[in-house]
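Fold and contact review
In case you want the letters, here they are:
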Amino acid sequence: MISPVTAIKAIEMKHKLFNGGTGAMRSTAWKEIKVHEAAREQAITIAILEFIPMEQHDAVTQRMEDVTRPYYDSIGLEVKHTGRWRP
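Here's what I pulled together on the structure shown here.

Calculation criteria
Residues numbered from 1 in each chain as written. Predicted model: local features only at pLDDT ≥ 70, side-chain atom pairs only at ≥ 80, totals over all residues. Heavy atoms only, no water. Patch = residues over 30% accessible without salt bridge, like charges linked within 9 Å, V, L, I, M, F, W, Y side chains within 5 Å. Areas by Shrake-Rupley, 256 points an atom, 1.4 Å probe, with all protein chains shown as cover. Salt bridge = Lys/Arg side-chain N within 4 Å of Asp/Glu carboxyl O. Helix = DSSP H or I, 4+ residues; strand = E, 2+ residues; numbered from the N terminus. Buried < 20%, exposed > 50% of the residue type's maximum accessible area, 1.4 Å probe, protein only.

1. Regarding a nonpolar patch on the surface
- Judged by side-chain polarity, Tyr71, Ile75 and Leu77 come together as a nonpolar surface patch covering roughly 300 Å² of accessible area.
- Summarising the element assignment, Ile75 is placed in the segment after helix H3 (57-74).
- Judged by its relative accessible area of 45%, Ile75 falls in the partly exposed class.

2. Notes on the pattern of salt bridges
- Counting across every chain of the model gives 1 salt bridge.
- Residue Arg69 is joined to Glu65 by a salt bridge in which the shortest nitrogen-to-oxygen separation is 2.7 Å. Of the two residues, Arg69 and Glu65 are both situated in helix H3; the distance of 4 residues between them amounts to about one turn of the helix.
- With relative accessibility at 27%, the residue Arg69 sits in the partly exposed group.

What follows is the structure, encoded as structure tokens:
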């Protein structure tokens, strides 16, 4: 079950992203989602790398890229490569 606070936040987010009740997603919403997702990925990467010796960071970040790209391909998203993930 979803808490009332979470439900209200979800409704507010939907309203913000979909320009009220029009049903069309605002172009700025895509940018906002992209920024949030990038921040989330970076936070997760930083957390993971804290538990890995420094000399293995390049191999781990490359592996993360290697497994992420096929995932995005499999769901039909085109992701431009901007280099390996760096905290």
